[in-house]
Amino acid sequence: MSLLEARRVRKVFGGGLWRRARVVALENFSLVFDEDTPSFTAVVGESGSGKTTLARLLLGLIEPTSGEVRFRGIPLRSLDRAGRRCFLREVQAVFQDPYEAYNPFYKVDHVLELPIRNFGLARDRRTARALIEEALAGVGLRVEETLGRYPHQLSGGQRQRIMVARALLLRPRILIADEPVSMVDASLRATILRSLLDLHRDHGVSVLYITHDLTTAYQVSHDIVVLYRGGVVEAGRVEAVVREPAHPYTRLLVGSIPLPRPDRPWRGERVLGQPAGLLPLGPRFCQFLDRCPFAMPICQQEVPPLFQLGSERAVACFLYRDQPVLSNDDLADLLCKRTATSN
Ligand code: SF4
């Protein structure tokens, strides 16, 4: 059974009273988190690819224009009070800028004490303190260097790790980490990513790691979903996708990073143009058309569906049109099932 799932989710921004241009932030997106088998999936893309929209949809912070996000089979908007409380506890988030999560007038202890109080996690102060100490230790922080201090007295890395510790306190089932290391030093990146991996391995938490950085996605995740202008262009096992990228856009991303494969350095294809913004509503064609060196007439006339490549992945590109077509729902189920069999 699925714990959290997005099914054919579409999000369009714009329109309204001010008649702003309508743009598609996310198109026909499906993803499943299994109830029993924790997963570690990276969602990778440039800015404007729909990554943050996806995080906000999964957290119930915004509603899809069409499609549904369901928690244990129930659409988020239909959850009753108990279901909503359960969702708020079991689905946690870590965001890009940890500073925004803190009130500068409160010591950092506050962000750790609040969930304990709100969810009744401890019967007295001593138990609460023990829980906090355990959570801090879980992310490699020492009590004496964190508690009793104000947010500005800690480094960005310490503040971010406290947010991971906060998530740990609630014993969540899913952690949605939206660019959690993009604002910290390279030296702290590994520590924070290790905290996420420990959360996944030791506590069975499913992690959705949203990032623009293919290198860290490759280092920590099992599966990867590559987004471009709100659509999935390639998805599958991270090893296969990064080592043998199939979609011209994934090749562009992979070509821009050094991979630990001295025997076969990837030199990249010549891919034209610059990162694109959100896709306006209107004529439909391949969203990568203006940057693609392999464009064909069909690419100007239709949106490529997902084509299945072996059992490992799917690619939305007409270069693979002799392969079987896969729906986005089928892809979500495929990734979910493979995680269950490989764990
Ligand atoms: Fe390039 Fe066509 Fe594939 Fe789009 S569908 S990525 S334009 S080859």
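Higher on the page you've got the structure.
Figured I'd write up the structure that's included with this text. Every chain's residues receive numbers from 1 upward, in the order its sequence appears when written. Local features are withheld for residues below a pLDDT of 70 in this predicted model, meaning they are given only at 70 or higher, and side-chain atom pairs are given and counted only at 80 or more; totals for whole chains, interfaces and linings count all residues. Only hydrogens and water are removed before side-chain values are computed, so all heavy atoms of the structure are retained for them.

Here we come to helix 6 (residues 186–203). Compared with the 26 Å implied by 1.5 Å per residue over 18 residues, the 26 Å span of helix 6 between its first and last C-alpha is a close match. Listed as buried for helix 6 are Leu188, Ile192, Leu193, Ser195, Leu196, Leu197, Leu199 and His200. At its buried positions, helix 6 is contacted by strand 3 (40–44), helix 5 (156–169), strand 7 (174–178), strand 8 (206–211) and helix 7 (214–220). Numbered from the N terminus, helices here are DSSP runs of H or I no shorter than four residues, and strands are runs of E no shorter than two. Given the number of residues in a helix, its expected span is that number minus one, multiplied by 1.5 Å. When accessible area is computed with a 1.4 Å probe and restricted to protein chains, residues below 20% of their type maximum are described as buried, those above 50% as exposed, and intermediate ones as partly exposed. By definition, residues are in contact when any of their heavy atoms lie within 4.5 Å.

Bringing the site of the ligand into the picture now. If you check the shell around the ligand, you find 14 residues, and the closest are Cys286, Cys292, Cys299, Cys317 and Phe318. Three classes are used, and their members are as follows: Ala, Val, Leu, Ile, Met, Phe, Trp, Tyr, Cys and Pro are nonpolar, Asp, Glu, Lys and Arg are charged, and the others, Gly among them, are polar. For the shell around the ligand, the per-class residue count stands at 13 nonpolar, 1 polar and no charged. Whether a residue is near a molecule or strand depends on its heavy atoms: it is near if one of them lies within 4 Å of it.

Before going further, it helps to examine the nonpolar core. The nonpolar core is taken to be a set of buried Ala, Val, Leu, Ile, Met, Phe, Trp, Tyr and Cys residues, with the residues joined through side-chain atoms within 4.5 Å. Grouped together as the largest cluster of nonpolar side chains are 68 residues, with contacts concentrated most on Leu112, Leu136, Ile162, Tyr209, Leu214 and Ile224. When residues in this core are grouped by element, the largest group, 7 residues, is from helix 5. Membership of the second largest hydrophobic core comes to 36 residues, among which are Val91, Ala93, Val232 and Ala316.

Taken across its 5 residues, strand 3 has 5 buried, putting it largely inside the fold. Side chains of strand 3 alternate between two faces, with Phe40, Ala42 and Val44 and Thr41 and Val43 buried alike. In terms of strand pairing, strand 3 meets strand 8 through 5 bridges, oriented parallel. Within strand 8, the position partnered with Phe40 by the bridge is Val207. Following DSSP output, two strands are said to pair if at least two bridges run between them. In the sheet, strand 3 pairs with strand 9 (residues 223–228) via 4 bridges, with the strands oriented parallel. Of the residues in strand 9, the one forming a bridge with Val43 is Val225.

Attention now goes to the packing of helix 4 (residues 125–138) against helix 5. Between helix 4 and helix 5, whose axes approach to 8 Å, the crossing angle comes to 125 degrees. Considering the angle they form, helix 4 stands oblique to helix 5. In the packing of helix 4 onto helix 5, the handedness of the crossing is right-handed. Note on element contacts: helix 5 touches helix 4 through Ile162, Ala165, Leu168 and Leu169, opposite Leu131, Ile132, Ala135, Leu136 and Gly138. Looking at the contact of helix 4 with helix 5, its residues break down into 8 nonpolar, 1 polar and no charged. Inter-axis angles, ranging from 0 to 180 degrees, are taken between N-to-C directions of lines fitted to C-alpha atoms, where helices are fitted over the stretch in contact. Roughly parallel here means an angle under 35 degrees, roughly antiparallel means over 145, roughly perpendicular means 65 to 115, and every remaining angle is called oblique. For a crossing to be left-handed, the near helix must be turned anticlockwise from the far one by less than a right angle; the clockwise case is right-handed.

Let's shift gears to the packing of helix 3 (residues 109–118) against helix 5. Orientation of helix 3 relative to helix 5, taken along the N-to-C sense of each, is 15 degrees, at an axis distance of 10 Å. In terms of orientation, helix 3 and helix 5 fall into the roughly parallel class. The element helix 3 and its partner helix 5 pack so that their crossing is right-handed. From helix 3, Val111, Leu112, Pro115 and Ile116 reach across to helix 5, where they touch Ile162, Ala165, Arg166 and Leu169. When grouped by side-chain class, the residues that make up the contact of helix 3 with helix 5 number 7 nonpolar, no polar and 1 charged.

Structural measurements only, silent on function.
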